[in-house]
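What follows is the residue order along each chain.
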Amino acid sequence: MEQIDAPSDLRGRRLELSGLTKWFGSVKAVDDLSFAVEPGRVTGFLGPNGAGKTTTLRMLLGLLTPTSGTATIGGQSYASLRDPLRVVGAGLDGSSFHPGRTARNHLRWMCASGGLDQGRIDEVLTLAGLTGAADRRVGGYSLGMRQRLTLGGAMLGDPDVLLLDEPANGLDPEGIAWLRGYLRHLTAEGRTVLVSSHVLSEVQQTVDDVVILARGRLVHTGPLESLSGEPGVTVRSPDLARARDALTAAGWRVEEGAAAGPDPELVVRGAATGQVGDILHAANVPLHLLAPTHQDLETTFLRMVSDAERAVEVGR
Ligand SMILES: Nc1ncnc2c1ncn2[C@@H]1O[C@H](COP(=O)(O)OP(=O)(O)OP(=O)(O)O)[C@@H](O)[C@H]1O
């Protein structure tokens, strides 16, 4: 069959995983995973350590063979791409540098081993913000500079798709802001970007979509906003027990709020402030706070993961 790669100015390659499964001996690292990653968006690939993120990325990159299922890039498996380094850039391990090499020489070495033209090295160094440090040995680089070099290396083939494993790991807030700008720039050009992280808050400002994994299984996929949960009303009162009773008697779903201490709070899901205020007023409950609220994204993420992990435990 003839292999046709779209010209890179068309970009727009979708990633599709279908029933992807990987066993390592008796360990099921990836379990019947199906989801898609859209071009022109940054997708966060999230899950706790050991959830199966790296294994999935390695299968997408043809570095591991799935036990069953498929992973395709623009409809093709990695192995069938005619010019894979120009289609997919990968940053899988930020620490695998020869410490005695300069960044420029590292990129030259990458070009030579991947059969890529060296003409993009200066452009990539600029893109990664490493022009001034290009001729320094990588052994003296900070973690953030190594992450930049990993990202730069992934861009050498001017790929349509970027797969990055924990690119925000160890970055300071300035580094995370830089990463956000870098990835935004790349998706604005129509590229497909998938970034893994075990901490949502590290990439929360960076991603458009999320794919959440736990114990190798898909837990949730959707736009980032889909994690903001159901809106609600936060209530603080010195008599929270009575507030809870009045609200549940009126049929509202009441959850514990985040704050602990002398004035703890509860959250009434799906209610408007007026409705909650009227009920508490009628029940003579003293109020210290009544405010509309959205669930914190990280809280939703952690809850989804722990529910999924518990379901796996129960199913065993
Ligand atoms: N080569 C291997 N041989 C045996 N087990 C493996 C191998 N690679 C991964 N695993 C196991 O597969 C599961 C998923 O690991 P994986 O590295 O894909 O998770 P992860 O989500 O990337 O986590 P981390 O953030 O810690 O890298 C883990 O239980 C891990 O121990």
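This one's a predicted model, so the numbers in the text were calculated from it and none came from an experiment.

## Section: the overall build of the chain
Point 1. Scanning the chain from N- to C-terminus turns up 10 helices and 13 strands.
Point 2. Expressed along its principal axes, the backbone C-alpha trace of the chain runs to roughly 75 × 45 × 35 Å.
Point 3. The buried share of the chain, taken over its 316 residues, is 38%.

## Things to note about the sheet that holds strand β10 (residues 232-236)
In a beta sheet, neighbouring strands are held together by backbone hydrogen bonds and run either parallel or antiparallel to one another.
Point 1. Sheet architecture is open: 4 strands sit in the order β11-β12-β10-β13, paired in antiparallel fashion. Where the open sheet ends on each side, the last strands, each with one partner, are β11 (253-256) and β13 (289-293). With strand direction ignored, the average angle separating the axes of adjacent strands in the sheet is 25°.
Point 2. Where β10 meets β13, 5 bridges bridge the pair, whose relative direction is antiparallel. Of the residues in β13, the one forming a bridge with V235 is L290.
Point 3. Relative to the sheet, helix α8 (residues 240-249) contacts β10, β11 and β12 (265-269), its axis offset from that of β12 by approximately 10°.
Point 4. Here helix α9 (residues 273-282) sits on the sheet in contact with β10, β12 and β13, set at roughly 155° to β13.

## Overview of the sheet that holds strand β4 (residues 68-73)
Point 1. The strand order across the open sheet formed by 3 strands is β2-β1-β4, and the pairing between neighbours is antiparallel. Of all strands in the sheet, those with a lone pairing partner are β2 (27-37) and β4, marking the two edges. Within the sheet, the average angular offset between the axes of one strand and its neighbour, ignoring direction, is 20°.
Point 2. Bridge count for strand β1 (residues 15-24) against β2 is 7 bridges, and the pairing is antiparallel.

## A few points about the site of the ligand
Point 1. Taken together, F24, V27, A29, G47, N49, G50, A51, G52, K53, T54, T55 and H198 make up the full set of residues adjacent to the ligand.
Point 2. Listing elements by their share of the shell around the ligand, those giving two or more residues are β2 and α1 (53-60).
Point 3. No other element matches α1, which puts 3 residues into the shell around the ligand.
Point 4. For the shell around the ligand, the residue count by class is 4 nonpolar, 7 polar and 1 charged.

## Here's the deal with the nonpolar core
Point 1. If you look at the biggest cluster of nonpolar residues, it comprises 63 residues, and the most contacted ones within it are L46, L163, V195, I212 and L213.
Point 2. In contact with V195, other than residues within four places in its own chain, are V42, G44, F45, L164, P167, V203 and V207.

## Re helix α3 (residues 103-114)
Point 1. In this model α3 runs 16 Å from its N-terminal to its C-terminal C-alpha over 12 residues, within 8% of the 16 Å that 1.5 Å per residue would give.
Point 2. All buried positions along α3 are accounted for by A103, H106, L107, M110 and C111. For α3, the buried positions fall inside an angular range of 140° around the axis, keeping them on one side. Residues A112 and S113 are exposed on α3 and point more than 90 degrees away from its buried face.
Point 3. Lining the buried residues of α3 we find α4 (121-127) and α5 (143-154).

## Examining the environment of V267
Point 1. You can see V267 is positioned in strand β12.
Point 2. Residues V267 and L15, 252 residues apart in the sequence, show an inter-C-alpha distance of 38 Å.
Point 3. Apart from the residues within four sequence positions on either side, V267 is in contact with G232, V233, T234, E255, G257 and T293.

## Structural notes on the packing of α3 against α5
Point 1. Contact geometry for α3 and α5: axes closest at 10 Å, N-to-C directions at 30°. With respect to their mutual orientation, α3 and α5 come out roughly parallel. The crossing of α3 and α5 is right-handed. Here α3 contributes A103, H106, L107 and M110 to the contact with α5, which in turn contributes L149, G152 and G153.
Point 2. Among the residues making up the contact of α3 with α5, the classes are represented as 4 nonpolar, 3 polar and no charged.

## With respect to the packing of α8 against α9
Point 1. With their axes 9 Å apart at the nearest point, α8 and α9 run at an angle of 115° to one another. Here α8 is positioned roughly perpendicular relative to α9, judged by the angle of their axes. Crossing of α8 over α9 shows right-handed handedness. Taking contact as the criterion, the partners of A243, A246 and L247 in α8 are, on α9, V276, I279 and L280.
Point 2. Classifying every residue of the contact of α8 with α9 gives 6 nonpolar, no polar and no charged.

## Quick look at the confidence of the model for the chain
Low-confidence regions, as indicated by low pLDDT, have predicted coordinates that should not be scrutinised in detail.
Point 1. Taken over all residues, the pLDDT of the chain has a mean of 89, while the share at 70 or more is 94%.
Point 2. Predicted confidence for residues 1-9 stays below pLDDT 50, and this span has 10 contacts to residues more than four positions away or in other chains.
Point 3. The ipTM, which scores confidence in the relative placement of chains, is 0.95 for this predicted complex, and the corresponding pTM is 0.82.

What counts, and at which threshold
- Residues numbered from 1 in each chain as written.
- Predicted model: local features only at pLDDT ≥ 70, side-chain atom pairs only at ≥ 80, totals over all residues.
- Helix = DSSP H or I, 4+ residues; strand = E, 2+ residues; numbered from the N terminus.
- Buried ≥ 20, exposed ≤ 12 C-beta atoms within 10 Å, placed from the backbone.
- Pairing = 2+ DSSP bridges.
- Axes fitted to C-alpha atoms, helices over the stretch in contact; angles between N-to-C directions.
- Contact = placed C-beta atoms within 7 Å.
- Near = placed C-beta within 6 Å.
- Nonpolar A, V, L, I, M, F, W, Y, C, P; charged D, E, K, R; others polar.
- Core = buried A, V, L, I, M, F, W, Y, C linked by C-beta atoms within 7 Å.
- Expected span 1.5 Å × (residues − 1).
- Arc of directions from axis to C-beta.
- Parallel < 35°, antiparallel > 145°, perpendicular 65-115°, else oblique.
- Left-handed = near helix turned anticlockwise from the far one by under 90°.
- pLDDT = per-residue confidence, 0-100.

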